[in-house]
Amino acid sequence: MKVVAFNGSPRQNGNTAFMLKTVLEVLSEAGWETELVQVGGVPVRGCKACYRCFKNANARCVITSDPINDWIAQAEKADAILLGSPSYFGTIASEIKAFIDRLGLASYSVNKELLRGKIGAAVVAQRRGGAINVFDNLNHFFLCLGMIVPGSSYWNFGVGRLPEEVKEDQEAMANMRHLGQAIHWLGERVKSAPTPYPLPPTVT
Ligand SMILES: Cc1cc2nc3c(=O)[nH]c(=O)nc-3n(C[C@H](O)[C@H](O)[C@H](O)COP(=O)(O)O)c2cc1C
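Anyway, here's the lowdown on the structure attached to this text.

Cut-offs and rules
- Residues numbered from 1 in each chain as written.
- Predicted model: local features only at pLDDT ≥ 70, side-chain atom pairs only at ≥ 80, totals over all residues.
- Pairing = 2+ DSSP bridges.
- Helix = DSSP H or I, 4+ residues; strand = E, 2+ residues; numbered from the N terminus.
- Right-handed = clockwise from strand over helix to strand, strands pointing away.
- Core = buried A, V, L, I, M, F, W, Y, C linked by C-beta atoms within 7 Å.
- Buried ≥ 20, exposed ≤ 12 C-beta atoms within 10 Å, placed from the backbone.
- Contact = placed C-beta atoms within 7 Å.
- Near = placed C-beta within 6 Å.
- Nonpolar A, V, L, I, M, F, W, Y, C, P; charged D, E, K, R; others polar.
- Axes fitted to C-alpha atoms, helices over the stretch in contact; angles between N-to-C directions.
- Parallel < 35°, antiparallel > 145°, perpendicular 65-115°, else oblique.
- Left-handed = near helix turned anticlockwise from the far one by under 90°.

## Some words on the pairing of strand E2 (residues 33-38)
Thought 1: Sheet analysis places strand E1 (residues 2-7) next to E2, joined by six bridges and oriented parallel. Across the sheet, the residue bridging to Val4 is Glu35, located in E2.
Thought 2: At this point the chain moves from E1, through helix H1 (residues 15-29), to the parallel E2, and the crossover so formed is right-handed.

Put into structure tokens, the structure is as follows:
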């Protein structure tokens, strides 16, 4: 099984990355193929609401000047995706927001088949506030697209300001390891499910 973690922080070795790597380590030890993709700090465009992905119905964005279609392809191949973001003024960081808007609409263009039935988990870093809002936003994305979200021992966020300071937040780090175990447990069951995840209703 494969998991891809998208790091929405522009700090490649910051707190979000540290927590994502902790989840990936647990999954790697359990035999998963793991990948970490740097999203934060990469120049990407937001969705331009042209809806040409709907017309093309090919699960890809018509904007090809940035790597978002590559990331969409990586998400498509994965059994589980992690979306990580720091709390920036209490909301999601810019590049990961651009990514989820374009990934989400591309997924809608094919009746949500792109991500339906895959596992999704959010990981958030904050210095002091806003993480729960970012966590909720990312979970709204997963749940809207027919993804399956595992619970862990707390909400998946950690506290820190300077890069890797979050390693001192022991409860958060224990939660990240537990999240890895929960994804593995769920992944095994999803893989052996006798029937595929149900199709969404047709909306007219
Ligand atoms: C533009 C900007 C806005 C921020 N806004 C918040 C905020 O609203 N709440 C908070 O707790 N921390 C805020 N922070 C601090 C980061 O969330 C915190 O340092 C976090 O650990 C960064 O994660 P990273 O190391 O993965 O980049 C902000 C940082 C930046 C650069």
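Following the structure, the description resumes.
## Observations concerning the nonpolar core
Thought 1: Val3, Phe6, Met19, Val23, Leu82 and Phe99 are the most contacted members of the largest nonpolar core, which totals 57 residues.
Thought 2: Per element, the largest residue contribution to this core is seven residues, and it comes from H1.
Thought 3: Not counting residues up to four positions away in its chain, the partners in contact with Leu82 are Val3, Ala5, Phe6, Leu20, Val23, Ala121 and Val123.

## Section: the site of the ligand
Thought 1: Around the ligand, a shell composed of 20 residues is seen, among which Ser9, Gly14, Thr16, Pro86 and Arg127 lie nearest.
Thought 2: Sorting the residues of the shell around the ligand by element identifies H1 and strand E4 (119-126) as the ones contributing at least two each.
Thought 3: Among the elements that line the shell around the ligand, the one with the most residues is H1, at three residues.
Thought 4: For the shell around the ligand, the per-class residue count stands at six nonpolar, ten polar and four charged.

## Things to note about unusual backbone geometry
Thought 1: Located in the positive-phi region is Ala49, a residue other than glycine, with phi close to 55°.
Thought 2: Take Ala49: it is sitting in the loop between E2 and helix H2 (52-56).
Thought 3: Given 8 C-beta atoms within 10 Å, Ala49 falls into the exposed group.
Thought 4: Of note, the phi angle at Phe89 is positive, near 50°, even though the residue is not glycine.
Thought 5: Relative to the helices and strands, Phe89 is located in the loop between strand E3 (80-86) and helix H4 (94-108).
Thought 6: Residue classification places Phe89 among the exposed residues on the basis of 8 C-beta atoms within 10 Å.

## Points about the sheet that holds E4
Thought 1: The strand order E2-E1-E3-E4-E5 describes an open sheet built from five strands, whose pairing is parallel. The two strands at the open ends of the sheet, each matched to only one other strand, are E2 and strand E5 (157-159). Across the sheet, the mean angle from the axis of one strand to that of its neighbour is 15°, orientation sign disregarded.
Thought 2: Bridging between E1 and E3 involves five bridges; their strand directions are parallel. Following the sheet pairing, Val4 is matched in E3 by Ile81.
Thought 3: Helix H3 (residues 68-77) contacts E1, E2 and E3 of the sheet and is inclined by roughly 145° relative to E1.

## Looking at the packing of H3 against H4
Thought 1: Taken N-terminus to C-terminus, the directions of H3 and H4 make an angle of 60°; their axes are 10 Å apart at the nearest point. The angle between the axes of H3 and H4 places the two elements in the oblique class. The handedness of the crossing between H3 and H4 comes out as right-handed. Residue-level inspection shows Ile68, Trp71, Ile72 and Ala75 of H3 in contact with H4, the latter providing Phe99, Arg102, Leu103 and Ala106.
Thought 2: Across the contact of H3 with H4, the residue classes break down as seven nonpolar, no polar and one charged.

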